[in-house]
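# Descriptive analysis of the structure
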Amino acid sequence: MHETEGTNMSEEKHAWWKEVVCYQVYPQSFQDSNSDGIGDLRGMTERLPYLAKLGIDVIWLSPVYLSPMDDNGYDIADYRVIDPQYGNLEDFDKMLETAHGLGIKVIMDLVANHTSDEHWWFKESRKSRDNPYRDYYVWKDGKVAEDGTKLPPNNWESTFSGSAWQYDELTDQWYLHCFSVKQPDLNWESPSVRQEVCDLMSWWCDRGVDGFRFDVISMISKDQRFPDGKPKKNGFGEYGPYVTNGPRVHEFVQEMNEKVLSRYDIMTVGEAQGVTLEEARKYANAEGTELDMIFQFEHVSAWKTTAGAYIGKWGVNKPQMPKVRALLNKWQLGLEGYSWNSLFWNNHDQPRAVSRFGNDSPEWREVSAKMLACCLHLMKGTPYILQGEELGMTNMHFTSLDQCRDVEELGIYRQAVEEQGICTHEQMLAAFDNVARDNCRTPMQWDDSAFAGFSDAEPWIDVNPNYQEINAASQVDDPDSVFSFYRRLIELRHSMPIIVYGTYQPLLEDSEAIWAYRRELDGQAITVACNWTSETVDCDLWDERPGTPLVGNYPQHLPGKLQPYEAYVTLG
Ligand code: GLC
Ligand code: CA
């Protein structure tokens, strides 16, 4: 079904990137080939047949560029060099060629809101106030307290805790870093910066890559007044309104589109924290002057500030289905006719889906993982799978801080537990269990051998101890496995235009337990109902119109009921 635009099956314009299923590879943790405990490109290449078997069409490859790895590669020191821990450009080309040979496209993760402080642009930039690279980054004079103490230009807090400004003695100015101190923000006001980004994107497109996932694209245009933000309970201020969806963001994205993106047949998806429907309709406008689609985050962050959150996202809150449903329904309906949706439950920044939204106890793990997959994959949009999600991999249970690797976790721990006493060690570990990014960064569970078949050596981060029960080897040939269920959903999407292009209508919107919807296209309809609870519930959706069963996660559907975590789908 990979024809491009032009058929008349519905009003929705056809495009190949609307018809695909995308799989995120987090390279550190996918497959190690040289026994150093770190995943690499050769290892990834060996595992591509597994992805072909699953049936995915596109890989989103998390960063593999040269990096000091302060934020696992989201801190780039050279955009045209592969980090030696992953291999080299030859290994990259081989991986790309192998993927293409299997019919799989590869999109790169483009992190251009900031670079590493070890990028030579930054090394130059910090040398003097009149260095030609000075304006590649955001340098500002600080303030001075009454007692003479030097203070940052404003109160913004970095995403990874602490001030978003770092003082540099050499030139007596501060540089902005919305993320770690080793991730200085690029200054997109500079035309040279924008040209550099265009040049490096063209360089990768010419090498054969099939598109980009744009890291924090909604943050590239800053309010040039740099005002103080709304105070938080830890004394810092929110940068949000002055950094996200800033004054020139659409102009900058359009420039990239005009100069590069529109010149290649590629797929683009932008990570857009804090995006509203109105903004999303611009980023992913149907005229195609910006990006193909964006990731919005409302359904994975709505409960941040409710009771149970100590600070920011850190807490023990669990999402409530009706809230999650209301948010995704809003996006499904709100973008209809304007923009294309992306669909995801998790990525490398989120906890594992089955632990967060489903039930990862042995009794319900598989069935709830399948239910979540069904609920998401039959919506309208391009689905994204994070490596291991197709196996029902779960959160890690963190018992000590030594197990944590993530700069975000270490930062919040230092600040909230050690410096400010906002919560206790135990509370923070409980919050880590719930939301830490390392939950989904543990090695891919390939089989039940030592280190889960990921490596012969001690991995850079612990393998989840449940790898003996949960691994690919035990699932790929089992028709009832979570893997086979994902495979089936992908096959259905490939063979049924209604799943790609059909309209989406929410059903049973008052139900506390059931998430249901109907898709329609050209007189055809499918009805999807998912029970998000561990109880059997009544469901009268099919009383008048039984339809033909299309897919489900129970061997037997009981009329008028949905069993615990049952997903049931009919056609007609
Ligand atoms: C994005 C990435 C995340 C990273 C951050 C800074 O949110 O997904 O992993 O830490 O940007 O680059
Ligand atoms: Ca390796």
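Calculation rules
- Residues numbered from 1 in each chain as written.
- Chains lettered and ligands numbered in written order.
- Predicted model: local features only at pLDDT ≥ 70, side-chain atom pairs only at ≥ 80, totals over all residues.
- Heavy atoms only, no water.
- Helix = DSSP H or I, 4+ residues; strand = E, 2+ residues; numbered from the N terminus.
- Rg over C-alpha atoms; globule rule 2.2 N^0.38 Å.
- Buried < 20%, exposed > 50% of the residue type's maximum accessible area, 1.4 Å probe, protein only.
- Contact = heavy atoms within 4.5 Å.
- Areas by Shrake-Rupley, 256 points an atom, 1.4 Å probe, with all protein chains shown as cover.
- Domains from an automatic or database assignment.
- Buried area = accessible area lost by both parts, 1.4 Å probe.
- Salt bridge = Lys/Arg side-chain N within 4 Å of Asp/Glu carboxyl O.
- Pairing = 2+ DSSP bridges.
- Axes fitted to C-alpha atoms, helices over the stretch in contact; angles between N-to-C directions.

Before going further, it helps to spend a moment on the overall build of the protein chain. Tallying secondary structure elements over the protein chain gives 16 helices and 24 strands in all. Here the protein chain has a C-alpha radius of gyration of 24 Å; the compact-globule value for 572 residues is 25 Å, and the two agree. Judged by the C-alpha coordinates and their principal axes, the protein chain covers about 75 × 55 × 50 Å. Of all 572 residues assigned to the protein chain, the portion counted as buried reaches 62%. Of all intrachain contacts in the protein chain linking residues separated by at least 6 positions in sequence, the fraction that spans at least 24 positions is 70%. Split by element, the accessible area of the protein chain, about 21400 Å² in all, is 48% carbon and sulfur.

With that settled, the discussion passes to the domain arrangement of the protein chain. Interface size is often expressed as the accessible area that is lost when the parts come together. Along its sequence, the protein chain is carved into domain 1 (16-114 + 191-396 + 440-488), domain 2 (120-176) and domain 3 (503-571). Placing a centre on the C-alpha atoms of domain 1 and another on those of domain 3 gives a separation of 29 Å. At the junction of the two partners, domain 1 supplies 25 residues and domain 3 supplies 28 residues. Counting each side, the surface lost to burial between domain 1 and domain 3 is near 2300 Å², with a carbon and sulfur contribution of 71%. Counting across the interface, domain 1 meets domain 3 through 0 salt bridges.

Right, let's get into the environment of Pro459. Checked against the element boundaries, Pro459 lands in the loop between α14 (425-435) and α15 (482-495). The spacing of Pro459 and Gly39 is 420 residues in sequence and 8.7 Å in space, taken between C-alpha atoms. The residues contacting Pro459, other than those within four sequence positions of it, are Gly37, Pro443, Phe451 and Phe454.

Inspection of every chain in the model, using the stated rule, returns 34 salt bridges. Among the ionic pairs, Arg194 bridges to Glu255, the shortest N-O distance being 2.8 Å. One end of the pair, Arg194, is in helix α5 (residues 191-207); the other, Glu255, is in helix α7 (residues 249-259), and 61 residues separate them in sequence. According to the relative accessible area criterion, Arg194 is buried, its value standing at 9%. In this structure Glu255 comes out as buried when scored by relative accessible area, which is 17%. The salt bridge partner of Glu251 is Arg248, with a shortest N-O separation of 2.7 Å.

Taken together, the 8 strands give a closed barrel; going around it, the order is β1-β2-β5-β11-β12-β13-β16-β17, and neighbouring strands pair in parallel fashion. Between one strand axis and the next, the sheet turns by 25° as a mean value, whatever way the strands run. Bridge count between strand β11 (residues 211-214) and strand β12 (residues 267-271): 4 bridges; the pairing is parallel. Among the inter-strand pairings, Gly211 is bridged to a residue of β12, identified as Met267.

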